[in-house]
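Okay, here's what each chain looks like letter by letter:
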Amino acid sequence: MQATEDRWRKARKREVRIGLALGGGFARGIAHIGVLRAFERHGIPIDAVAGVSAGSIVAAAFAGGCTSHDIERVALSMRFGDVARWTINRLGLAGSDRMISFLAKLLKENRFERMNMPCAIVATDLATGEPVTFHGEGDAVLAIRASCSYPGLFVPVHSENRCLVDGFISMEIPALPLREMGATHVVSVFLPTPAACHEPGNLFAVINRCYQVMSAHSAHEWRRESDIVIEPDVAELSWDSFASAQKLIELGEQAAEAAIPEIQSWLTVTPREELALAV
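**Considerations on the pattern of salt bridges**
Right, on to step 1. Within this structure, the stated rule accounts for twelve salt bridges.
Right, on to step 2. Notably, a salt bridge pairs D70 with K108, separated by 3.3 Å at the nearest N-O pair. Taken together, the residues D70 in helix α4 (residues 68-75) and K108 in the loop between α5 (98-106) and β5 (119-125) connect sequence positions 38 residues apart.
Right, on to step 3. Here D70 falls in the buried class, since its relative accessible area comes to 16%.

What follows is the structure, encoded as structure tokens:
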């Protein structure tokens, strides 16, 4: 907890405090690694991070001390079976118990209070339809499992008498929690899906298309809280394109590179700020 507070206190000495909001996309979420890679190369300071669904995995790993290379090593060998097990359950087609062991290998820290920076993970309360934001303290693994519980595919996760599903349902991109945590500038990473839709071939395709339509009508809410939106060109890659991990990382990196000049313009330090940083 002290490490997190010290990091945030140091960030407050700067006029600009950057928050990074990572959206969902299942395997397409691997593109977030490329965004981190570009930020690392240019020394862009991230003061807080938030994620939903696949973005929650990358957010927690980064906040806990993983570099983009650490996350990439896991992503390059990742497959659907690493995080899910097909099951017979009236609430979903797959359980997420396997995600516990997967995250144990990926995360350097699994408690919010011990992470290197403030981190927020968003799930959705199925009863109320409201977002549930995990941050500050507690078990990040449970929060990630809840945030990744795509309705119809994964069995919901229960926590404190709540039935939780994918954070994407109530908050497509978690820009608002970063504002509430003190970020002055928010960089949101949105992973687009194909704009056109042919006849769906299975149940999952039908559900996925419904969420695409829904998100198109709610995009203005998170975009209003975002200063920059990075959109890697991943629309032509499928939700389970784990075998294309390297390409996804490259697409994320390319999209982030295009946004770097504007982000760097935020970070021009005035003489007064230089004095404050020296205190």
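**Some remarks on the pairing of strand β1 (residues 18-22)**
Regular strands place side chains that alternate from one sheet face to the opposite one.
Right, on to step 1. In terms of burial, β1 is a largely internal element, five of the five residues being buried.
Right, on to step 2. Residues I18, L20 and L22 point to one face of β1 and G19 and A21 to the other, with burial holding for every one of them.
Right, on to step 3. This β-α-β element, β1 to helix α2 (residues 31-42) to strand β2 (residues 48-52), shows right-handed connectivity.

**Remarks on the packing of aromatic side chains**
Right, on to step 1. Under the defined criterion, the tally for this structure stands at eight aromatic pairs.
Right, on to step 2. Between F26 and F80 the ring centres are 5.8 Å apart and the planes differ by 40 degrees, which places this aromatic pair in the tilted class. Here F80 lies in the loop between α4 and β3 (85-89) and F26 lies in the loop between β1 and α2, a separation of 54 residues in the sequence.
Right, on to step 3. When its relative accessible area of 14% is taken as the criterion, F80 is described as buried.

**Topic: the side chain of E253**
Right, on to step 1. Tracing the backbone through its elements, the reader meets E253 in helix α9 (residues 245-266).
Right, on to step 2. Among all residues touching E253, those that are not within four sequence positions of it are G34, V35, R37, A38 and R41.

**Focus: α2**
Right, on to step 1. Helix length check: α2 (twelve residues) gives 18 Å between terminal C-alpha atoms against 16 Å at 1.5 Å per residue, within 8%.
Right, on to step 2. At its buried positions, α2 is contacted by β1, α3 (54-63), α4, β9 (185-189), β10 (228-230) and α9.
Right, on to step 3. Looking one or two residues beyond α2, the residue adopting positive phi is G43, at roughly 65 degrees.

**As for the side chain of H185**
Right, on to step 1. Along the chain, the position of H185 falls in strand β9.
Right, on to step 2. When its relative accessible area of 18% is taken as the criterion, H185 is described as buried.
Right, on to step 3. Of note is the side chain of H185, whose polar atom sits 2.9 Å from the side chain of T184.

**Focus on empty space enclosed by the protein**
Over the atoms rolls a probe the size of a water molecule, and in doing so it shows where empty space is left.
Right, on to step 1. Tallied over the entire structure, the rule returns one cavity of 30 Å³ or more.
Right, on to step 2. By volume, the largest cavity amounts to about 220 Å³.
Right, on to step 3. Lining the largest cavity are 19 residues, with F26, A54, I57, M78 and F242 positioned closest to its centre.
Right, on to step 4. At the level of elements, α3, α4 and α5 are the ones that each hand at least two residues to the lining of the largest cavity.
Right, on to step 5. Partitioned by chemical class, the residues of the lining of the largest cavity number 17 nonpolar, two polar and no charged.

Rules behind the numbers
Residues numbered from 1 in each chain as written. Predicted model: local features only at pLDDT ≥ 70, side-chain atom pairs only at ≥ 80, totals over all residues. Heavy atoms only, no water. Salt bridge = Lys/Arg side-chain N within 4 Å of Asp/Glu carboxyl O. Helix = DSSP H or I, 4+ residues; strand = E, 2+ residues; numbered from the N terminus. Buried < 20%, exposed > 50% of the residue type's maximum accessible area, 1.4 Å probe, protein only. Right-handed = clockwise from strand over helix to strand, strands pointing away. Phe/Tyr/Trp six-rings, centres within 6.5 Å; stacked < 30°, edge-to-face > 60°. Contact = heavy atoms within 4.5 Å. Expected span 1.5 Å × (residues − 1). Polar contact = N/O pair within 3.5 Å; in protein donor to acceptor, adjacent residues only side chain to side chain. 1 Å grid on protein atoms, 1.4 Å probe; cavity = no way out; pocket = protein on both sides within 12 Å on 5 of 7 lines; lining within 4 Å. Points joined across faces, edges and corners; volume = space filled by probe spheres on them. Nonpolar A, V, L, I, M, F, W, Y, C, P; charged D, E, K, R; others polar.

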